[in-house]
Amino acid sequence: MRLLVIEDEDRLSGILKSKLGAIGFAVDIAASGADASAALELINYDAAILDLGLPDGDGLAVLGATRQAGKGLPILILTARDAIEDRVAGLNAGADDYLTKPFAMAELIARIKALLRRPGGVLGMTLDAGNVRLDTVGRELTIAGIPARLSRRELTILEQMMRRFGRIVPKAVLEEKLYGIDEEPDSNPIPVHIHHLRRQLGTAGASLLIHTIRGVGYILAETKA
Amino acid sequence: MNYRIKSLQLRLTLELAALFFVASCLAVVGLIYSASLTAGSLADRELGLRAEDLARSVSLDENKKPRLDLPSSLKQAYSAAVQQSVFAIRDKDGHIVEASTPEIGAMAARWPPADSEPSYFRLRKFGPSERDYSGVSIKLDSAAGPLSVLAAEASGSDQLIHSILREFVFDIAWYVPPFVALALLVAAFSVRRSLLPIRAASAQASAIEPASIGLRLPEADVPAEALPLVVTVNQALDRLEQGFVIQRRFTANAAHELRTPLTIITARLDTIEGNGQLLALREEVARMNRLVEQLLCVARLDSLALDVSSPVDLHQVAEEVVGSMAHLALSASLTIALTGAHHPVLVTGNTAAIADALRNLIENALAHTAPGTEVVVEVGPEGTISVADSGPGIPAEDRPRIFERFWRGKGVRASGAGLGLAIVMEIVRAHGASITVNDRIPRGARFDLRFRSA
């Protein structure tokens, strides 16, 4: 997995490189918009981290040019600007997520991974969370290395939550995914599926917990050691 | 004496009153003076005529000596007022022809012969009655040749002056007091009216505070005399505003510049493996990150006029904020829930600002509630959001102060900077919304935000 970090503050880019490198990413650094454009043209990166404040112009221009060139790689904007207009401008220009400085490294990694876990992302084929692994193409699930079986709907719910591991999955998103599965009307509401899923994860010894955020949705998290 | 009358209106009125009083006195004195002049000249003329009458009545007798032979009407008149009207007549040799009283005769005998130009004189305490006389001495031709005629009238008989004054008082002077009163009234009224714009300006001035530093005193309608003051004050406000803007920009820039080094510190700490001390250090840095973020938020709220005119779906905002903060609650072994309306609740405002306010309220609730309890966010269909925790609650005496910047409750384990609720208040104020703090039954605090419906 290859990442491009576009950041002119070299102390920060150095830390990003070493930290992301430590968890298995190959990281290239571009310190200017021109370098970034050149690198993006040459190499097919799996994702890019883009600082909006670049010495030779606006990071948004790099973003726009990349999208214009038809590159769909996930791009996370890193910015010291947190005015809402900047965020909106960034997302409108084709960014997939944003993070404002100062940020926690864990948060950055979680977000990059979430981007990569999207369908089509480099981590989107096989999802890993705790001791649970889901092959989204073969629909094969293993818990603690042992193959497990779930109903189609519960598997869909689990997939959505593993793609957004550690972050909220709104109930509305789950409903949408479920109703798209087949024409057969689903008699059970989401909480019933969640209940089943919890029980089966527990029985199979998964190191995962599904937290209910009443009124909003669910969060999949690793059980605390 | 430092004592000065501060009210312009009162001072003008008093000074005008004094002016009117002095002017009235001067008018009366002038009138008396000119009346007495008129009376004097009338008396002089009367005396001259009288002298002419006397001269006309002198003729030569059989001894060729001059003799006064008054017509009976005049004779009666003179004898009726012997001490009132006196005269003496001398011939060209200085001999007394006739004198109405011996005293006037004796006096006239001592005088040089009169000239043909009348000469007027006054006599003080003259004669047996000791009265003042004014008279004329003139040389007149007669049937008996040139004569020196002296005619005098006892004064004190200023009937003429009296009558003129009386006429003045009754015909003219009566209208002076009402006129003065009216003039004072007009002056007072006009002063009050021309000072009205100044009152308006001071009302405007009292509305100027840090949040409304752009306000200026109205310069229209201000009287020309006060305009320089108003203009100067406005210029002073311009300079103050510039200073304010510079200071705000400084706060924003300082917080902004702190971000990159803080990011680096945070990232470096994340790369270090370590013990409990490192954890404490990370917590401290996280706290500092939060503080810088809040300072930036405050600076932004201070410097920008918040656009609060867009439709905002409170339910959607609450769903997003609660969702994005859920992992914080979980990591603190708390739960968080969104209850109430499950449909769009539209109000007018600024989505990002309302989300900021809610985020701060939730952070506050998470910091104050005990592990294992729940923070409940509730959206009401009437445009309300409440955030309730199960913490110790907020003592009634602290409630008026919790929204002040950098205020922190006593003995509170949370270690925020005390900016969160101040930010909430700023946002509430910008929206014309209201916020109240209540007790939650059985335990805890509840903040209720009430927005204007869209």
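Calculation criteria
- Residues numbered from 1 in each chain as written.
- Chains lettered and ligands numbered in written order.
- Predicted model: local features only at pLDDT ≥ 70, side-chain atom pairs only at ≥ 80, totals over all residues.
- Helix = DSSP H or I, 4+ residues; strand = E, 2+ residues; numbered from the N terminus.
- Buried ≥ 20, exposed ≤ 12 C-beta atoms within 10 Å, placed from the backbone.
- Contact = placed C-beta atoms within 7 Å.
- Axes fitted to C-alpha atoms, helices over the stretch in contact; angles between N-to-C directions.
- Left-handed = near helix turned anticlockwise from the far one by under 90°.
- Nonpolar A, V, L, I, M, F, W, Y, C, P; charged D, E, K, R; others polar.
- Pairing = 2+ DSSP bridges.
- Core = buried A, V, L, I, M, F, W, Y, C linked by C-beta atoms within 7 Å.

In terms of helices and strands, chain B carries 10 helices and 14 strands. Taking all 454 residues of chain B together, the buried fraction comes to 26%. If you take every contact in chain B between residues at least 6 apart in sequence, the share linking residues at least 24 apart comes to 62%.

As a further point, take the overall build of chain A. Along the backbone of chain A there are eight helices and 14 strands. Burial statistics for chain A: of 225 residues in total, 37% are counted as buried. Taking as baseline every contact in chain A between residues at least 6 positions apart, the subset at least 24 positions apart corresponds to 55%.

So, about the packing of helix 8 (residues 314–331) of chain B against helix 9 (residues 351–368) of chain B. Two packed helices can be described by the angle between their axes and the distance between those axes. All names here are of chain B. Where helix 8 meets helix 9, the axes come as close as 10 Å, and the angle between the chain directions of the two elements is 35°. Here helix 8 and helix 9 pass one another in a crossing that is right-handed. Residue-level inspection shows V317, A318, E320, V321, M325, L328 and A329 of helix 8 in contact with helix 9, the latter providing T351, I354, A355, L358, R359, I362 and L366. Residues that form the contact of helix 8 with helix 9 fall into these classes: 11 nonpolar, one polar and two charged.

Turning to the sheet that holds strand 6 (residues 75–79) of chain A, a few remarks are in order. All names here are of chain A. An order of 2-1-3-6-7 is seen for the five strands of this open sheet, with the pairing classed as parallel. Each end of this open sheet is capped by a strand with a single partner; those strands are strand 2 (26–30) and strand 7 (97–100). Averaged over all neighbouring strand pairs, the angle between strand axes comes to 20°, with direction disregarded. Where strand 3 (residues 47–51) and strand 6 come together, four bridges link them in parallel fashion. When the sheet's bridge partners are listed, L50 is paired in strand 6 with I77. The strands touched by helix 5 (residues 105–116) within the sheet are strand 3, strand 6 and strand 7, with strand 7 carrying the most contacts at an inclination of about 175°.

The partner chain B presents 25 residues to the 27 residues of chain A that form the contact. Residue assignment for the side of chain A that touches chain B shows that the elements contributing at least two residues are helix 1 (10–22), helix 5, strand 12 (168–170), strand 13 (208–213) and strand 14 (217–222) of chain A. Of the residues assigned to the side of chain A that touches chain B, the class counts are 15 nonpolar, five polar and seven charged.

Residues and elements named next belong to chain A. Pairing is antiparallel in the open sheet, where four strands are placed in the order 8-9-10-11. Since the sheet does not close on itself, it has two edges, and those belong to strand 8 (126–129) and strand 11 (146–148), each with one partner. Here the strands of the sheet are splayed against their neighbours by 25° on average, with no regard to which way each runs. Seen against the sheet, helix 6 (residues 152–163) touches strand 8, strand 9 (132–135) and strand 10 (140–143) and runs at an angle of roughly 75° to strand 8.

With that out of the way, let us pick up the environment of F406 of chain B. Residue and element names in this part refer to chain B. With respect to the helices and strands, F406 occurs in the loop between strand 12 (384–388) and helix 10 (420–430). Of the residues examined, F406 has 9 C-beta atoms within 10 Å and is grouped as exposed. In this structure the C-alpha to C-alpha distance between F406 and A422, which are 16 residues apart in sequence, comes to 7.9 Å.

All names here are of chain A. In this structure, T66 sits in helix 3 (residues 59–68). Each C-alpha atom of the pair T66 and E41 lies 8.3 Å from the other, and the pair is 25 residues apart in sequence. Beyond its immediate sequence surroundings of up to four residues, T66 is in contact with L40 and K71.

In this section: unusual backbone geometry. The omega torsion of the bond from I441 of chain B to P442 of chain B falls at 0°, within 30 degrees of zero and hence cis. Locating P442 of chain B in the fold gives a position in the loop between strand 13 (434–439) and strand 14 (445–450). Phi is positive for A144 of chain A, close to 55°, though the residue is something other than glycine. With respect to the helices and strands, A144 of chain A occurs in the loop between strand 10 and strand 11. In this structure, K64 of chain B takes a positive phi of about 65° despite not being glycine. Within the secondary structure, K64 of chain B is located in the loop between strand 1 (58–60) and strand 2 (66–68).

So, about the nonpolar core. Among the nonpolar cores identified, the biggest contains 79 residues, and L220 of chain A together with A318, V322, A326, L358, I362 and V375 of chain B are the most heavily contacted of them. No other element matches helix 9 of chain B, which puts nine residues into this core. Residues within four places of I362 of chain B in sequence aside, it is in contact with V321, M325, V375, V377 and V387 of chain B.

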